[in-house]
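Reading the structure
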Amino acid sequence: MSSMRINCRTISRGVAEGEVLLTHDPISFLGNVDPETGEIVEPQHELYGQSICGKILVFPYGKGSTVGSYVIYQLFKNNVAPAAMINLESEPIVAVGAIISEIPLVDRLETDPFELLKNGDRVVVNSTASFVEINKD
C-alpha cells in the first residue's frame, strides 16, 4: 500500500480517518441532508439516498441558509455526522458548523481533490497538521 500526503488549509482542527464520499454538487445542509439520519434527501443531488455518516465528505462548498451550521451540529449530536469534510473552498456556513461540531474540515488542497479521490478511497484528514493522506492499494 502506498500513501500520498497533500498539504491543505485548516478550517476546523482534528484528525479523522475514513472512506471518501465525493460529490461535485455543493451541499445545502438545510434541505439537502436529514439531520436525524445523515442521509442526502434532495432528489436532484448527486448523493441522493446516501448517508454521510462517518464518511470523509468531499464537496466543493456549502450553500444556502446560515441555519445549515446548526444542521451540521444536529448531525453531530445525533451521531450521524461525517467524520471529516474536504472542500475546494469552505464558506462560513460549513466552517462554523464544523467548528461547533468538532468535525475536521480542510480546504485549498495543493492538488485538486476531485482529480485525486474517488468514492471508497481511504483517507486520513489531519487538519491539526494541515494535510490529507490518501492510502492507495
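Residues numbered from 1 in each chain as written. Predicted model: local features only at pLDDT ≥ 70, side-chain atom pairs only at ≥ 80, totals over all residues. Heavy atoms only, no water.

1. What about the pattern of salt bridges?
Cut-off, in case you're wondering: Just to be clear on terms, a salt bridge is a Lys or Arg side-chain nitrogen sitting within 4 Å of an Asp or Glu carboxyl oxygen. Put simply, DSSP H or I for four residues or longer makes a helix, DSSP E for two residues or longer makes a strand, and each gets a number counted from the N terminus. Accessibility here uses a 1.4 Å probe with only protein chains present; expressed as a share of the type maximum, an area under 20% marks a residue as buried, one over 50% as exposed, and anything in between as partly exposed.
Taken as a whole and assessed by the stated rule, the structure comprises 7 salt bridges. The partner of Arg9 in a salt bridge is Glu89, and the shortest N-O contact between them spans 3.8 Å. Of this pair, Arg9 sits in strand β2 (residues 9-12) while Glu89 sits in the loop between β5 (84-87) and α3 (92-101); the two residues are 80 residues apart in sequence, bridging distant segments of the chain. When its relative accessible area of 36% is taken as the criterion, Glu89 is described as partly exposed. The partner of Glu89 in a salt bridge is Arg108, with the nearest N and O atoms 2.9 Å apart. Separated by 19 residues along the polypeptide, Glu89 in the loop between β5 and α3 and Arg108 in the loop between β6 (105-107) and α4 (113-116) bring together distant segments of the chain. Residues joined in a network through salt bridges with shared partners are Arg9, Glu89, Asp107 and Arg108.

2. Considerations on the nonpolar core
Stated formally: In this description, a nonpolar core means a group of buried Ala, Val, Leu, Ile, Met, Phe, Trp, Tyr and Cys residues linked to one another through side-chain atoms lying within 4.5 Å. Throughout, a residue-residue contact means that at least one pair of heavy atoms, one from each residue, lies within 4.5 Å.
Among the nonpolar cores identified, the biggest contains 20 residues, and Phe29, Val33, Ile52, Leu57, Phe59, Leu75 and Met85 are the most heavily contacted of them. Counting only elements with at least two residues in this core, the list comes to β4 (56-59), α2 (68-77) and α3. Those residues in contact with Phe59 that lie beyond four places of it in its chain are Thr23, Asp25, Ile27, Phe29, Met85, Ile86, Asn87, Leu88, Val94 and Phe114. Residues Val20, Val58, Phe114 and Ile134 belong to the second largest nonpolar core, which totals 17 residues.

3. Some thoughts on the pairing of strand β8 (residues 131-136)
Stated formally: Two strands qualify as a pair provided DSSP detects at least 2 bridges between them.
Counting buried positions along β8 yields 5 of 6 residues, so the element is predominantly enclosed. Strand direction decides the pairing type here: strand β1 (residues 2-7) and β8, joined by 6 bridges, are antiparallel. Bridge pairing in β8 links Ile6 to Val132. In terms of strand pairing, strand β7 (residues 122-126) meets β8 through 5 bridges, oriented antiparallel. Residue pairing across strands places Val125 opposite Val132, the latter belonging to β8.

Purely geometric stuff here, so don't read any function into it on its own.
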